[in-house]
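# Coordinates in review
So you can see what is in the structure, the chains are spelled out below.
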Amino acid sequence: MAEGTLFVMTGASGVGKGTLRKRLLEREKLFYSISMTTRPPRPGERHGVDYWFVSRERFLELVEAKKFLEHASYVNNLYGTPLDPVLRHLKRGEDVLLEIEVQGAKQVREKAEELGLDAVFIFIVPPSLTELRRRLLFRESQRGPDKLKEVAARIKRAEEEIKEALSGGGFDYVVINDVLEEATQELVTIVRAARLKRERRRDALERALERDPELEAELDEIERWLMQGGGTGN
Ligand code: 5GP
């Protein structure tokens, strides 16, 4: 049975992963893996659409039962990718998209090998750390010393992650989120390129070997006519 590709989008907080994910999903057919989290919903967020919102106890139960492909703690909350739906959709030959933070992506890299999954890792970066800082400072709705400390901590973490990516880091692609439309186009290109890989093109190769008997017969006739000097004006 055909197996789909697992696309893992990751990058620093504030880099615009969520926006890019939504734009990519509008343009390419991908199954978006809805994460589970212990953080409370923000206004407008819906259970089963944005996240599966669960209690910490429930989350830990599921960790214990090995129900996650990966899970990580982020700003005092837990986040995880439920394993079963991801595997189910990949098995059906559908492509799956994860949008997760960097620690989780590392776990997926290890598991993907173990589980024999075809995974593509995409690292989203800001144009610069200064630009990321500007975005984070403007994004924080509640100001105050604590929030500002959190921004500083996130910048520091982003810096470490980018340095790690620079020295390998296991990413297949790097997308700079400067001009939103350009970054979206680049993601679309990555998805389409992965779909054109030979391992996924068995159908196309098999089809390319096919011959149409009727058309072949016609071509035989034309070939005979050409052999007899047809079409040369003689
Ligand atoms: P937020 O709370 O702002 O929705 O998400 C915080 C961070 O958690 C973001 O960087 C987001 O990409 C990441 N995240 C969302 N779902 C998951 C998940 O299932 N696993 C991991 N490791 N990170 C996640």
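Residues numbered from 1 in each chain as written. Predicted model: local features only at pLDDT ≥ 70, side-chain atom pairs only at ≥ 80, totals over all residues. Heavy atoms only, no water.

### Section: the packing of aromatic side chains
Our working definition: Whether two aromatic rings pair depends on their centres lying within 6.5 Å, for rings of Phe, Tyr and Trp, where Trp uses its six-membered ring; planes under 30 degrees apart make the pair stacked, over 60 edge-to-face, and the rest tilted. Buried residues are those whose accessible area, probed at 1.4 Å on protein chains only, stays under 20% of the maximum for their type, while exposed residues exceed 50% and partly exposed ones sit between those limits.
Taken as a whole, this structure holds five aromatic pairs when the rule is applied. Ring centres of Tyr74 and Tyr79 lie 6.1 Å apart, and the angle between their planes is 75°; this geometry places the pair in the edge-to-face category. Just as Tyr74 is buried, Tyr79 falls in that class too. Ring geometry for Phe123 versus Phe171: centroids 4.4 Å apart, planes at 20°, classification stacked.

### What about the site of the ligand?
Stated formally: Only heavy atoms are used to decide nearness, and a residue is near a molecule or strand if one of them lies within 4 Å of it. Polar contact criterion, stated in full: a pair of N or O atoms within 3.5 Å, where within protein one must be able to donate a hydrogen and the other to accept it, and residues adjacent in sequence count only if both atoms are side-chain atoms. For accessible areas, the Shrake-Rupley method is used with a probe of radius 1.4 Å. Any residue's cover is judged against the shown protein chains and nothing else. A pocket here means an open set of points on a 1 Å grid, computed over the protein atoms alone, that has protein on both sides within 12 Å along at least five of seven lines. A cavity is instead a set of points where a 1.4 Å probe fits but cannot get out; residues with an atom within 4 Å of a point line either one. Put plainly, a molecule is in a cavity or pocket when over half of its atoms are within 2 Å of the grid points there.
Surrounding the ligand, one finds 15 residues, the nearest of these being Ser35, Arg39, Tyr51, Tyr79 and Glu99. With respect to the ligand, the side chain of Ser35 contributes an N or O atom lying 2.6 Å from an oxygen atom. One nitrogen or oxygen atom from the side chain of Glu101 is found 2.7 Å from a nitrogen atom belonging to the ligand. Here the ligand has 510 Å² of accessible area as a free molecule, and 90% of this is covered by the chains. Of all the cavities here, the one that holds the ligand is the largest pocket.

### Side note on a nonpolar patch on the surface
Formally: Grouping into patches uses exposed residues only, defined as over 30% relative accessible area, and leaves out salt-bridged ones; the cut-off is 9 Å for like charges and 5 Å for nonpolar side chains (Val, Leu, Ile, Met, Phe, Trp, Tyr). A pairing counts as a salt bridge when a side-chain nitrogen of Lys or Arg comes within 4 Å of a carboxyl oxygen of Asp or Glu. Counting from the N terminus, the helices are DSSP H or I runs at least four residues long and the strands are E runs at least two residues long.
Judged by side-chain polarity, Leu215, Leu219, Ile222, Trp225 and Leu226 come together as a nonpolar surface patch covering roughly 490 Å² of accessible area. Tracing the sequence through the fold places Trp225 in helix H9 (residues 213–227).

### Here's the deal with the packing of helix H1 (residues 17–27) against helix H7 (residues 180–195)
To keep it simple, the criterion reads: Axis angles are defined between N-to-C directions and span 0 to 180 degrees, where every axis is a line fitted to C-alpha atoms and, for a helix, only to the segment in contact. Angle categories: roughly parallel below 35 degrees, roughly antiparallel above 145, roughly perpendicular from 65 to 115, and oblique for all the rest. Crossing chirality is assigned from the near helix's rotation relative to the far helix, an anticlockwise turn below a right angle marking it left-handed and a clockwise turn marking it right-handed. Only heavy atoms matter for contacts: two residues are in contact if any of them lie within 4.5 Å across the pair. In this count, Pro and Cys sit with the nonpolar residues alongside Ala, Val, Leu, Ile, Met, Phe, Trp and Tyr, while Asp, Glu, Lys and Arg are called charged and the others, Gly among them, polar.
Viewed as axis vectors pointing N to C, H1 and H7 meet at an angle of 55°, and their least axial separation amounts to 9 Å. Relative to H7, H1 is oriented oblique. The two elements H1 and H7 meet at a crossing, and its hand is right-handed. From H1, Thr19, Leu20, Arg23, Leu24 and Arg27 reach across to H7, where they touch Leu180, Glu181, Ala183, Thr184, Gln185, Leu187, Val188 and Val191. Classifying every residue of the contact of H1 with H7 gives seven nonpolar, three polar and three charged.

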